[in-house]
Amino acid sequence: MSNQLLTSTACGLMLALSACGGGGGGSGAPISTPTPPSSFTPPPPPPPPPPPVTTTNFNTTEYQRSNGATSSGAISAWQSGATGSGVKLAIVDSGINPSLPEFVGRIDPASRDVASNRPLGDEDGHGTAVAATAAAARNDSQNVGVAFDATILSFRADSPGTCSGEDGCDFFDNAIAQGVDAARIAGAKVINLSLGGSSPGSILMSAMQRAVSAGIILVISAGNDGNDPLKGKNADPFALIPAQTFPGQVIIAGSVGVADGTGTNLNQLSDFSNQAGQGQNWYLTALGYRVRTIDQTGTGFLYSGTSFSAPIITGAVALMAQAFPNLTARQIVEILFNTADDLGAAGDDAVYGQGRLNIARAFQPVGTTSLAGTAVEVTDESVTGGLPEAAGDSGGQSSFGAVIVDGYDRAFAMNLAKGLRNAGARRPLENSLASHMTGAALQAGQLSVAMSIAQRPGSPGIFDMMSLAIGPEDARRSRLVAGSAVARLDAKTKASFGIGHGSKHLERQLTNAEGGAFLVARDVSGDPGFQARSGTSMAMRRNLGFAGVTIASEQGKVWQDVKLGVDDAPYRYTSVTLDRRFGDNSWGSIGLSRLEEKETLLGGRLGSLYGSVGSSSLFLDAEARQKLGSGWTATIMGRRGWTQFDSGEFTTAAYSFDLAKYGMLRRDDRLGFRIAQPLRVESGGISMLLPTGYDYSSGIATSSTQRLGFAPSGREIDAELSYSTSLGRGWLGANFFARRQPGHVAVADPDLGAAIRYSLGF
């Protein structure tokens, strides 16, 4: 069978040929200008890819008209740095025009005529069109090839004198075999055979055996006998026999693409394309209908045939070989098959085989991923998480890079910060007014007991203990609210116990240092930086004579508007505070507290990649109060925090200034003003030793310290004016507030609001 006659797959130049990737007919339409005619609607470009490694704009006019590249998602590979550079792809066909700008400087010197001793050229145009589909230069001219930087090995195998007839060029398997051998010797990674017609002979099969043994992938057209009821149900024998003989290193290239009235439907097999049939395990489709490429003169054409789906796949192989030099030929084929878009019946089928080529998916991790050089798995859950509220929008401010490897030991750059979700701004007014409360209190001697039950709207039967202080009377009675008990143990000692109250609230009960009647601007010395659902708490104060010391403790659960992935994350808060009066008009306190969180980080939660969950924070609080006379009082509060967790540490700060006036308009009314900065990360964040480089030749990852700062872009400042007075048998309270850069986000819109509340009887 050494003289077995094969035919080219050319379908262009207005010629009706006997074969286009096998038997059957095909057609081409000339293009007089680089711009596609109005009758041709190229497939839409793929979705925007992940953030590119390079800043080059590949989405050019040339790219948009190169439907072989757009339909396959090649731009994703380009933007990750893979363009085919350094990879040799071989095309055994009717030759190539080496003088065209699309190929200048990229045709390997080993290219030659393997059927005779002719100069390298192309009488028919088929070989040039195939080469341009796979690897035409990116030069803003005609079309850009899928692997536009690849080195081209062109082996002219058409039998001399056969390309002049209407039936196209003839190819004999001994010439094709010489081309395959020459490609192997020259170092090709992939060989494109857009040929067909009959089974390959023994000489050619032997050459193919030598090629696959050298780790080369063969991409062979499926054939264009789709309309033949006898031949169309199976791939052409020229492709099927090698695929069955060398499984895993041969790709049978079928064609998708049919006209649907609005453009090209890529979900349907082209009517001319042979189906997968018995070759479904090795059959992959790509666009083969009206593919934009050029002929041997450099003129743009729209070619149809599996001859042109094959070089699209060949280009994809070259991109993979450059990007992932560790992969074997079988692994490249396996990845292309496993990442293909499933068409037709679910899974592999006898029509579409493995599906449609998807380069974008092929360039995403496949299988189990881990940090390069380690056994630490990287999953969606392990890299996602919620940042602390005090960190604002820091998750989106910078990158936090690491190299990961997938199940094929392919290295990928990954921005771990993309998985960190910002906590979002708190909605204090909504949360404050969203509860309905009932309460009762009693006092017996030195013991005061009170309870308030707040029912959460929309959650019948679920109750939270909480207080809502609006006016001065509420503030004074708040020590009797929400499940608290205050007892005087002796002349110098008082204790308070609470359910649903924070320890700072109990401390203020014992020191008579009222926190103010504000809804939005927070008591910064009592706010842990997240919304806490206090459980049980206790505080004990001892008068030492020169000062008083208060020890307090609280247990509770973290609660966030954005779910953290954990339910009822517990925390424990303990503090010791020293307070002293200076005469009748001045008072001050300084306190040290410790916050222990088992599953959260100041209310946020990081994925397991960042180490064990949980954190510990140390806070230093200071407060000074001065009576100014005429019922005016000024208060300054400040908090400084230091938080540590497995993968880093950071510092936080919060400040506030209060001004209050009792008896403003009436004897029992109160006017209050507060300006405050809620807890905010000032410096620090995550600091981890991560793999940032990877050497494919040795499989060794290099590591460096990577840092992700938690300091947000903005600084929230809250200002609130409150007024309250008795009215009838109850209290009337009004609050007006403004929040600048809510959530510590610089671009956030200001939050303005007001609330009026009337509470009856107590």
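Since the structure is predicted, the reported quantities are computational estimates derived from the model, not experimental observations. (Residues numbered from 1 in each chain as written. Predicted model: local features only at pLDDT ≥ 70, side-chain atom pairs only at ≥ 80, totals over all residues. Heavy atoms only, no water.)

Quick look at the packing of aromatic side chains
Right, on to step 1. Counted under the stated rule, the structure contains 14 aromatic pairs.
Right, on to step 2. Taking the centre distance of 5.6 Å and the plane angle of 75° together, the rings of Phe-530 and Tyr-571 count as edge-to-face. In this pair, Phe-530 sits in the loop between helix H14 (503-511) and strand E25 (531-543) while Tyr-571 sits in strand E27 (residues 569-582), placing the two residues 41 residues apart along the sequence.
Right, on to step 3. The class for Phe-530 is buried, based on a relative accessible area of 1%.
Right, on to step 4. Site record: aromatic cluster; members linked through ring pairs are Phe-58, Tyr-63, Trp-78 and Phe-148. (Phe/Tyr/Trp six-rings, centres within 6.5 Å; stacked < 30°, edge-to-face > 60°. Helix = DSSP H or I, 4+ residues; strand = E, 2+ residues; numbered from the N terminus. Buried < 20%, exposed > 50% of the residue type's maximum accessible area, 1.4 Å probe, protein only.)

What to know about the nonpolar core
Right, on to step 1. In terms of nonpolar packing, the biggest core is built from 104 residues, with Trp-78, Ile-251, Ile-686 and Phe-710 touching the most fellow members.
Right, on to step 2. It is helix H8 (residues 306-323) that provides the largest number of residues to this core, a total of ten residues.
Right, on to step 3. Non-local contacts of Phe-710, meaning those with residues more than four positions away in its chain, are made with Leu-387, Pro-388, Ala-391, Ser-394, Leu-601, Phe-645, Phe-650, Val-681, Gly-684, Gly-685 and Ile-686.
Right, on to step 4. Of all hydrophobic cores here, the second largest spans 45 residues; its members include Ala-177, Leu-193, Leu-218 and Ala-239. (Core = buried A, V, L, I, M, F, W, Y, C linked by side-chain atoms within 4.5 Å. Contact = heavy atoms within 4.5 Å.)

Section: the UniProt feature "active site" (unreviewed entry) in the chain
Right, on to step 1. When the UniProt feature table is mapped to this numbering, "active site" (unreviewed entry) covers Asp-93, His-126 and Ser-307. Spanning 215 residues, the annotated positions come together in the fold, the maximum distance between their C-alpha atoms being 10.2 Å.
Right, on to step 2. Mapping Asp-93 onto the fold places it in strand E3 (residues 88-93).
Right, on to step 3. For Asp-93, a relative accessible area of 0% gives the class buried.
Right, on to step 4. Apart from residues lying up to four places away in sequence, Asp-93 is in contact with His-126, Gly-127, Val-130, Phe-155, Arg-156, Ala-157, Asp-158, Phe-171, Ser-194 and Leu-195.
Right, on to step 5. In this structure, Ser-307 sits in helix H8. (UniProt positions renumbered as here; feature names shortened; annotations may be inferred.)

Looking at the confidence of the model for the chain
Right, on to step 1. Residue-level pLDDT values for the chain average 85, and 84% of them are 70 or greater.
Right, on to step 2. For residues 23-53, every residue scores under 50 in pLDDT, and the model assigns this stretch 72 contacts once sequence neighbours within four places are set aside. (pLDDT = per-residue confidence, 0-100.)

Overview of the environment of Thr-692
Right, on to step 1. Structurally, the position occupied by Thr-692 is in strand E32 (residues 670-695).
Right, on to step 2. A relative accessible area of 36% means that Thr-692 is categorised as partly exposed.
Right, on to step 3. Between the alpha carbons of Thr-692 and Thr-702 there is a distance of 6.0 Å; along the sequence they are ten residues apart.
Right, on to step 4. Leaving out residues up to four positions away in the same chain, Thr-692 has contacts with Gly-401, Val-403, Thr-702, Ser-703, Ser-704 and Gln-706.
Right, on to step 5. Within the structure, Thr-692 has its side chain in polar contact with the side chain of Ser-704 (distance 3.0 Å). (Polar contact = N/O pair within 3.5 Å; in protein donor to acceptor, adjacent residues only side chain to side chain.)

Focus on the state of the cysteines
Right, on to step 1. One pass over the structure, following the stated rule, counts one disulfide.
Right, on to step 2. In this model, Cys-163 is linked to Cys-169 through a disulfide, with the two sulfur atoms separated by 1.9 Å. Here Cys-163 and Cys-169 share a disulfide; its torsion about the S-S bond, 120°, makes the bridge right-handed.
Right, on to step 3. Residue Cys-163 is classed as buried on the basis of its relative accessible area, which comes to 9%. (Disulfide = S-S within 2.5 Å.)

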